[in-house]
Amino acid sequence: MAVIIDGKAVSAEVKQRVANEVAELKENGIECGLAVILVGDDPASQVYVRNKKRACEACGIYSAEYRLPADTKMEELIALIDELNADEKISGILCQLPLPKGLDEEAVIARIRPDKDVDAFNEANVGKIMIGNYSFLPCTPAGVIELIKSTGVDMTGKNAVVIGRSNIVGKPMAMLLLHNNATVTICHSKTQNLKEICANADILVAAIGRPNFVTGDMIKPGAVVIDVGINRMDDGKLCGDVNFEEAEKIAGYITPVPGGVGPMTIATLMQNTVNAAKLQAGIK
Ligand code: L34
C-alpha cells in the first residue's frame, strides 16, 4: 500500500516558514498584502478564495477581497486592477479563474503588474520560469514539487510524466520537473500509447480534469503519484483525476483529494506574496 502524502501537513510547514518571514519583514517596516478578485459566484472558486483569505490571516498577510458580479464589464475589471497595481498596501494581485463568459482572461492577466503577479501567469513571469530565473513560482506546480520532495524521492534522472498541458498547470509543471533534473514527458488528449507511457513513470502528475482517469494499470509499482484534479461529483463529493482505490495498491506514494495538492497551491501563493513584497521593497 502506498504512503499517503499529507498535503495539509506539508502546507502547514510552508505557511509557518512564511509567517516567520512576514513577521521579520514587519519588524523592518515592510507589510505584505494580497488582493484577491472573484468575479461571479462559482461555488468552487468561492471555497478556494475563502481558503486563501484564511491562509493570509494565518500568515499575518493583509488580505483584501473584491467580489464582483458575473455581469461585470471588462473596463470595470481593468479599472480595479489598475487601482490595485498602484496601491502600496497591495504586494500581490490574484484574479481567480475561470472568469465568467465574456471576460478576457488573457487581457486581465496581462494587466496585472508583473511584480505583483503572484500567480506567475503573465508573459514576463512565464518567460522567467522557462529560463529558470524567477521571482514567483507557479503556485500549483511549485506545490507539487514540494510534495514530491517531502517523500524523499530524488527526482534526478527519473521518468516524470505530466498528463495535461494547460498554461496553469501542465506546461509550468513540466518545466519545474525539468529544473529538478527529471526526464519529462507531457501527455495530453492526442497522446498515443498513454497507458504505456504512464506505466513507465517514476513520477506521475495527473492534471486532466476528468474524475478517476488514471487507473491502476497506468501506474508503475512504487511510483510517486500526484493528483492535481479536483472534480465535484453529483453527490457533492470531491474526486481526483486518479482512481485512488486502485492506485494506492500499486503506487509508492500518493496524494489524496482533498488534502493533497490544493492546500499546497495556497501555501505557495503565500510565499509568492512575501516574495512580491520583498521585490517591491528592493530586498530581492
Ligand atoms: N488565478 N485561479 C488563479 N490562481 C489559482 O491558483 C487558481 N487555482 C485553481 C483554480 N483557479 C485559480 C486555485 O487557487 C485551483 N485552485 C485551488 C485552490 C485551493 C484549493 C483547490 C484548488 C483547495 O483549497 N482545495 C482543498 C479542498 C477545497 C474544497 O473543499 O473544495 C483541498 O484540500 O484540495
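As the structure is a prediction and not an experimental result, all values here were calculated from the model.

1. So, the pattern of salt bridges
- The final tally for this structure, using the stated rule, is six salt bridges.
- Its salt-bridge partner being Lys278, residue Glu21 comes within 2.6 Å of it at the nearest N-O pair. Placement of the pair is Glu21 in helix α1 (residues 7–27) and Lys278 in helix α10 (residues 261–280), with a sequence separation of 257 residues.
- A residue is classified by how much of its surface remains accessible, and Lys278, at 13% relative accessible area, is buried.
- Put simply, Asp82 and Arg111 hold a salt bridge, and the shortest N to O gap is 2.8 Å. In this pair, Asp82 sits in helix α3 (residues 74–86) while Arg111 sits in helix α4 (residues 105–111), placing the two residues 29 residues apart along the sequence.
- On the basis of relative accessible area, Asp82 is assigned to the partly exposed category, the value being 32%.

2. With respect to the layout of surface pockets
- Volume-wise, the second largest pocket comes out at about 570 Å³.
- Around the second largest pocket, the lining is made up of 21 residues, and of these Phe121, Asn122, Val126, Asn167 and Ile168 lie nearest the centre.
- Within the residue set of the lining of the second largest pocket, elements represented by two or more residues are α4, α5 (123–131) and α7 (170–179).
- Take the lining of the second largest pocket: its biggest share by element is five residues, from α7.
- Here the lining of the second largest pocket is composed, by residue class, of 15 nonpolar, two polar and four charged.

3. Overview of the site of the ligand
- Neighbouring residues of the ligand: 19 residues in total, closest Lys52, Leu97, Asp119, Arg232 and Gly259.
- A distance of 2.8 Å is found between a nitrogen atom of the ligand and a backbone nitrogen or oxygen belonging to Leu97.
- Burial of the ligand by the protein chains amounts to 83% of its free accessible area of 680 Å².
- Mapped onto the shell around the ligand, the elements with two or more residues apiece are α2 (43–59), β4 (92–95) and α10.
- Residue composition of the shell around the ligand, by class: eleven nonpolar, five polar and three charged.

4. Describing the pairing of strand β3 (residues 62–68)
- When strand β2 (residues 33–39) meets β3, the two strands line up parallel, connected through seven bridges. Paired with Val36 across the strands is Glu65, a residue of β3.
- Taken together, β2, α2 and β3 form a β-α-β motif whose crossover is right-handed.

5. A closer look at the nonpolar core
- Core analysis: the largest hydrophobic core is formed by 52 residues, its most contacted members being Ile61, Leu177, Ile226 and Met270.
- No other element matches the nine residues that α10 contributes to this core.
- With residues near it in sequence (within four places) discarded, Ile61 still touches Val18, Val22, Cys32, Gly33, Leu34, Cys56, Met270, Thr273 and Val274.
- Within the second largest apolar cluster, 19 residues are counted, among which are Ile78, Leu80, Ile81 and Leu84.

6. Brief notes about empty space enclosed by the protein
- This model, assessed by the stated rule, comprises two cavities of 30 Å³ or more.
- Considering only enclosed or pocket space, the largest cavity measures out at about 40 Å³ in volume.
- Along its surface, the largest cavity is lined by Leu34, Val36, Val49, Lys52, Lys53, Cys56, Ser63, Ala64 and Glu65.
- At the level of elements, β2, α2 and β3 are the ones that each hand at least two residues to the lining of the largest cavity.
- Of all the elements, α2 adds the most residues to the lining of the largest cavity, at four residues.
- Residue classes in the lining of the largest cavity are distributed as five nonpolar, one polar and three charged.
- When its volume is computed, the second largest cavity comes out at roughly 30 Å³.

7. A word on the sheet that holds strand β11 (residues 253–254)
- A sheet is described by the order of its strands in space; here six strands give the open sequence β1-β11-β8-β7-β5-β6, paired in parallel fashion. Two strands close off the open sheet at either side, each with one partner strand: β1 (3–4) and β6 (183–187).
- Here helix α6 (residues 139–150) sits on the sheet and contacts β7 (203–206) and β8 (224–227); the angle it forms with β8, its principal contact strand, is near 150°.

8. Describing the side chain of Asn231
- Note on placement: Asn231 falls in strand β9 (residues 231–232).
- On the basis of relative accessible area, Asn231 is assigned to the buried category, the value being 10%.
- Dropping the residues within four chain positions of it, Asn231 is found in contact with Gly209, Arg210, Pro211, Lys237, Leu238, Cys239, Gly240 and Asp241.

9. With respect to the packing of α1 against α2
- Here α1 crosses α2 at 55°, and the two axes come no closer than 8 Å. Classified by the interaxial angle, the pair formed by α1 and α2 is oblique. Contacts from Lys15, Val18, Ala19 and Val22 in α1 reach Ala55, Ala58 and Cys59 in α2.
- Per-class residue counts for the contact of α1 with α2 are six nonpolar, no polar and one charged.

Rules behind the numbers
- Residues numbered from 1 in each chain as written.
- Predicted model: local features only at pLDDT ≥ 70, side-chain atom pairs only at ≥ 80, totals over all residues.
- Heavy atoms only, no water.
- Salt bridge = Lys/Arg side-chain N within 4 Å of Asp/Glu carboxyl O.
- Helix = DSSP H or I, 4+ residues; strand = E, 2+ residues; numbered from the N terminus.
- Buried < 20%, exposed > 50% of the residue type's maximum accessible area, 1.4 Å probe, protein only.
- 1 Å grid on protein atoms, 1.4 Å probe; cavity = no way out; pocket = protein on both sides within 12 Å on 5 of 7 lines; lining within 4 Å.
- Points joined across faces, edges and corners; volume = space filled by probe spheres on them.
- Nonpolar A, V, L, I, M, F, W, Y, C, P; charged D, E, K, R; others polar.
- Near = heavy atom within 4 Å.
- Polar contact = N/O pair within 3.5 Å; in protein donor to acceptor, adjacent residues only side chain to side chain.
- Areas by Shrake-Rupley, 256 points an atom, 1.4 Å probe, with all protein chains shown as cover.
- Pairing = 2+ DSSP bridges.
- Right-handed = clockwise from strand over helix to strand, strands pointing away.
- Core = buried A, V, L, I, M, F, W, Y, C linked by side-chain atoms within 4.5 Å.
- Contact = heavy atoms within 4.5 Å.
- Axes fitted to C-alpha atoms, helices over the stretch in contact; angles between N-to-C directions.
- Parallel < 35°, antiparallel > 145°, perpendicular 65-115°, else oblique.

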